[in-house]
Amino acid sequence: MHISSISNNLYTQKTTMAQSLQTASVKNQVNDMQNLQTLSKFQNLSNVSFSGLMRMGKEFTKPVDSAFFRDYPALMSAVNILRENFPDGAEILDYACSDGEEAISLYALLGNDRSKFKITGIDINDDVLNLANQGVYSLFGGFLDSYLMPGAEKDPTQKDLAKMFYEIMEPAKEPKERLNNSLEFSRVICCSEPKFRKEIFFKLNDKVKDNLEFRAGDIFKVDEEKTDKKVGAVIFRNAFYHLMDSYDGQNLFTGDIAEQQRELDKEFFTDEEIESMNEQNESIYAKKSLGEKQTIADEIIDKAYNKLEVGGVFVLGNSANENIFIAPEDAPKEDTIRLGDTKLYKDTKKAMDDALVYYKSTQNASDSLLGFEDEDDDDKIDMAAIFEKQYENFRKRADVRVLKKTPMQKALEKDGRFKPVYASPVAEMEGLGLEMPTVWVKVK
């Protein structure tokens, strides 16, 4: 068997192993190769919904990055401010709305005040807007919003969220249109965990549809947006990093992946396959300076400021890529956090130590993981050696420093025009010791 015949799924499994290991959940899974295999294939699975997984692009295996009630304390904080500052209602502009789960969550959280507010979901991607306007969503066990499923275990807060969800949603039939190639992914999941079994579908109640709209638009033109009411909120969560080509969060422990990736590509893939994968990952390899990123943040927030009423809110996301920025060498140390000093680094190092021992001590572990037990020695993949190379690079990252303030935070603080009212922990990076302000109020 020639290595170049291995699918892109396997390639993703190999090359994202170290990145997957940076999550806290890995510590509980390094001793179970099957779970580690699943985790590698579905990196950050716990941070998307099943609708998002099933809406992956046809050629790029990345789920639609959305889920019901994600970082709901931040959304709830924004809702409370809107109720207080706009008792007669206002319009909410939800940029990078994806397939609409965030806008629906916000609408649900408005409770008895829903009829006063209009939410406009805006995105530049026609595919996700078609899905948002189709308006059918699914829930499935094991995902971020799975507690919404009937009969699922719920804590008191989840019970409240589920109650609000069912006030505006009703059962639906399976949609005719899905994006894609990801049914095979769902089959793997279904076979991996007993709780991953039944998918159920929901749609918005007809009586609430008039207060939700999804249309094409661009955050860079937010100041030109035509609205029916005064604007009380601009939401732009977990999307700045796409505009900035900023992936420091997912590459925090791996460093600049471009050269490492190319070397690994040469070992396992043909030139034609490499060219195809490089086209898919072009944005990940792209680089912008910190100054260029600051310029993007300044432009967008300047325009959002001009559109918002005084007392209105600007809401950011709490994803790692959105909030992790590697500090330049000349950054003052008091403005940074050294990665090696954080609990996150120390916990990840221990998890990787355990995983490396497991790889080395378990006979044919890597072959069993990948299904190559019967292959000739020349055709086998030495996963332990691959992982050890990644681990060596991880150890070199201890002296990397992370900025305490993001470009967005600096733009919002400018001239005292906004003040922060709520901070969220950086998703899957709690051990980094950073809480980032995600809800800001326009004060003048």
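Residues numbered from 1 in each chain as written. Predicted model: local features only at pLDDT ≥ 70, side-chain atom pairs only at ≥ 80, totals over all residues. Heavy atoms only, no water.

How do you make sense of the sheet that holds strand S4 (residues 169-171) when you look at a structure like this?
In a beta sheet, neighbouring strands are held together by backbone hydrogen bonds and run either parallel or antiparallel to one another. Reading across from one edge, S3-S5-S4 is the order of the three strands in this open sheet, with antiparallel pairing throughout. Looking at which strands have only one partner, the edges of the open sheet turn out to be strand S3 (136-139) and S4. When the angles between neighbouring strand axes are averaged without regard to direction, this sheet yields 40 degrees. Alignment of S3 against strand S5 (residues 200-204), held across four bridges, turns out to be antiparallel. The partner of Val-136 across the bridge, within S5, is Lys-203. Along the sheet, helix H8 (residues 156-168) makes contact with S3, S4 and S5, crossing S4 at roughly 75 degrees. (Pairing = 2+ DSSP bridges. Helix = DSSP H or I, 4+ residues; strand = E, 2+ residues; numbered from the N terminus. Axes fitted to C-alpha atoms, helices over the stretch in contact; angles between N-to-C directions. Contact = heavy atoms within 4.5 Å.)

Would you take a moment to explain the pairing of strand S2 (residues 118-123) for this structure?
A regular strand carries its side chains on alternate faces of the sheet. Across the six residues that make up S2, a large majority, six, are buried. Residues of S2 alternate between two faces, with Lys-118, Thr-120 and Ile-122 on one and Ile-119, Gly-121 and Asp-123 on the opposite face, all of them buried. Taken together, strand S1 (residues 91-95), helix H6 (residues 101-109) and S2 form a β-α-β motif whose crossover is right-handed. The pairing of S2 with strand S6 (residues 212-216) spans five bridges and is parallel. Bridge pairing in S6 places Gly-121 opposite Phe-214. (Buried < 20%, exposed > 50% of the residue type's maximum accessible area, 1.4 Å probe, protein only. Right-handed = clockwise from strand over helix to strand, strands pointing away.)

How should I be thinking about the side chain of Thr-120 in this particular structure?
Along the chain, the position of Thr-120 falls in strand S2. Under the relative-accessibility criterion, Thr-120 is labelled buried at 0%. What Thr-120 contacts, discounting residues up to four positions off in sequence, is Glu-91, Ile-92, Leu-93, Asp-94, Glu-213 and Arg-215.

Would you explain the packing of aromatic side chains in this entry?
The geometry of two aromatic rings is summed up by the distance between their centres and the angle between their planes. Summed over the entire model, instances satisfying the criterion amount to twelve aromatic pairs. Seen in terms of ring centroids, Tyr-241 and Tyr-247 are 5.7 Å apart; in terms of plane orientation they differ by 85 degrees. Their pairing is edge-to-face. A relative accessible area of 5% means that Tyr-241 is categorised as buried. Measuring from ring centre to ring centre gives 5.2 Å for Phe-253 and Phe-394, while their planes differ by 85 degrees; the resulting arrangement is edge-to-face. Here Phe-253, found in the loop between helix H10 (240-244) and helix H11 (257-268), pairs with Phe-394, found in helix H18 (residues 383-395); they are 141 residues apart in sequence, far enough to count as distant. The same class applies to Phe-253 as to Phe-394, namely buried. Ring-pair connections join several aromatic residues into one group, and the members of that group are Phe-68, Tyr-137, Phe-165, Tyr-166 and Phe-202. Arg-417 extends its terminal NZ or CZ atom over the ring of Tyr-305, reaching a point 5.4 Å from the ring centre. Looking at Lys-442, its charged tip hangs above the ring of Tyr-305, at a distance of 4.1 Å from the centre. (Phe/Tyr/Trp six-rings, centres within 6.5 Å; stacked < 30°, edge-to-face > 60°. Lys NZ or Arg CZ within 6 Å of the ring centre and 35° of its normal.)

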